[in-house]
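Chain residues, written in single-letter form:
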Amino acid sequence: MPVWEQRWHPLRDEWVLVAAHRQSRPWTGETMRAPAAAPRPAYDPSCYLCPGNARVAGHVNPPYDGTFVFDNDHPCVGATAPSAPSPPPPPYRVAPAAGRARVVCFSPRHDLTLAEMTPAAIADVIGVWRRETRDLAADPGVRQVLCFENKGDVVGVSNPHPHGQIYATSFVWKTMETELVASARHLADSGHGLFDDIIRAEQSDGRRILHEDDRTIAFVPYFARYAYEVYVAPKRRVPHVFALDDAEVEALARALSAVTIRFDNLWRMSFPYVMVLHQAPVNAGPGADVSAFHFFIAFHPPLRQPRLLKYLAGPEIGGGNFLADTAPEAKAAELQALPGVHYAAP
Ligand SMILES: [Zn+2]
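Residues numbered from 1 in each chain as written. Predicted model: local features only at pLDDT ≥ 70, side-chain atom pairs only at ≥ 80, totals over all residues. Heavy atoms only, no water.

## Topic: the pattern of salt bridges
At step 1: Inspection of every chain in the model, using the stated rule, returns 25 salt bridges.
At step 2: The residue aspartate 13 makes a salt bridge to arginine 185 at a minimum N-O spacing of 2.8 Å. With aspartate 13 in the loop between β1 (4-9) and β2 (14-19) and arginine 185 in helix α2 (residues 174-190), this residue pair connects regions lying 172 residues apart in the sequence.
At step 3: Taking relative accessible area as the criterion, aspartate 13 reaches 29% and is therefore assigned partly exposed.
At step 4: The salt bridge partner of glutamate 202 is arginine 208, with a shortest N-O separation of 3.0 Å. By the burial criterion, glutamate 202 is buried, and arginine 208 matches it.
At step 5: A single salt-bridge network, built from bridges that share partners, covers Glu5, Arg7, Glu202, Asp205, Arg207, Arg208 and Glu329. (Salt bridge = Lys/Arg side-chain N within 4 Å of Asp/Glu carboxyl O. Helix = DSSP H or I, 4+ residues; strand = E, 2+ residues; numbered from the N terminus. Buried < 20%, exposed > 50% of the residue type's maximum accessible area, 1.4 Å probe, protein only.)

## Here's the deal with the pairing of β2
Side-chain positions along a regular strand alternate between the two faces of the sheet.
At step 1: With six bridges joining them, β1 and β2 adopt antiparallel strand pairing. The residue of β2 that forms the bridge with glutamate 5 is valine 18.
At step 2: Count of turn residues in the β1/β2 antiparallel hairpin: four residues, of which aspartate 13 carries a positive phi of about 60°. (Pairing = 2+ DSSP bridges.)

## Concerning the coordination of the zinc ion
At step 1: Surrounding the zinc ion are the protein donor atoms Cys47 (SG), Cys50 (SG), His110 (ND1) and His161 (ND1), which sit 2.0 to 2.3 Å from the metal.
At step 2: One can describe the donor arrangement at the zinc ion as tetrahedral, given that its four donor atoms subtend angles of 103 to 115° at the metal.
At step 3: Accessibility expressed as a relative area gives 0% for cysteine 50, which makes it buried. (Donors = N, O, S within 2.8 Å, 3.2 Å for Na, K, Ca; no water. Tetrahedral: all angles 85-135°; square planar, octahedral: opposite > 155°, others 65-115°.)

## Here we look at the packing of helix α1 (residues 119-136) against helix α4 (residues 246-267)
At step 1: Axis separation between α1 and α4 bottoms out at 8 Å; the angle between their running directions is 120°. Considering their axes alone, α1 and α4 lie oblique with respect to each other. Classified by chirality, the crossing of α4 by α1 is right-handed. Residues Pro119, Ile122, Ala123, Ile126, Trp129 and Arg130 of α1 form the contact with α4, whose own contacting residues are Asp246, Val249, Leu252, Ala253, Arg254, Leu256 and Ser257.
At step 2: Residue classes in the contact of α1 with α4 are distributed as nine nonpolar, one polar and three charged. (Axes fitted to C-alpha atoms, helices over the stretch in contact; angles between N-to-C directions. Parallel < 35°, antiparallel > 145°, perpendicular 65-115°, else oblique. Left-handed = near helix turned anticlockwise from the far one by under 90°. Contact = heavy atoms within 4.5 Å. Nonpolar A, V, L, I, M, F, W, Y, C, P; charged D, E, K, R; others polar.)

## Focus: unusual backbone geometry
At step 1: A cis geometry characterises the amide bond from proline 90 onward to proline 91, with omega recorded as 15°.
At step 2: Counting through the fold element by element, proline 91 comes out in the loop between β4 (68-71) and β5 (99-105).
At step 3: In this structure, aspartate 13 is a non-glycine residue whose phi angle is positive, near 60°.
At step 4: A positive phi angle, near 50°, is found at arginine 268, a position not held by glycine.
At step 5: Tracing the backbone shows arginine 268 in the loop between α4 and β11 (273-278).

Quick look at the structure:
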């Protein structure tokens, strides 16, 4: 059933134009080169993230056997940024690029990804996100801790070693600022959590849910902007990942495993995505209330087909709203139909 309509994105306060009736148009996007099928070694002596290897500027990784976190050798925000940038004329403003940029190795194994890690190992990664968010937020100058993973060379990652990044910034990222405003308004107007209502809406429809248990839910949202966009969320509303209890972390790890396995099984390739932890701001100041914010994890895969990239063009870059060429229900059905065991599992 073709879908041709506008869908409201309640977290972003904007419309998404779903035009899934156009799949037969003659040109459908950038063709990517075929994914490399060569197996990777468990240890790569030339990888700057593998245990025991040297990085730039003389740093040497310890022989770590779980996760490993370090300050980014090429930080985009950091204490060494110029502290007094030259003031521009109004209306322009400037501030130092202060903050911290961290790198998180998910595993010592060069050849794994989240999809091939055990839920227990994924729970250790969540443990890093909890600890780092709490520790970085202890700096009163930090306003937000952004944990994310860029995966795959189509999103610009040349090193396949499983890793993510953490930025602690002196400003609040635009997406989370918008989500906090929308969530606080919804709570004030209705008495309900906005994400609680999103979960209820997904449950009442049911067609887009990929994984669910007592504590966690994963689904392709009704208002998905990317073809295979998936949200993974604890059912209990907490503003930050460190507020989850251990049972919620274990459930979240199982959900992340279930989702990433299906991603890889979709085209039997390591599936590229941008994964972002949506957390509330920190150190918001006296009287500021972030309790309406519901922490969740979003996957934004850039591919629409095995070798077709979703292009951001006039609607997205120029207009600021997304045009989706696919129906979220159809994409969720594709993912639901896949086995829950990784295709490369022994
Ligand atoms: Zn490596």
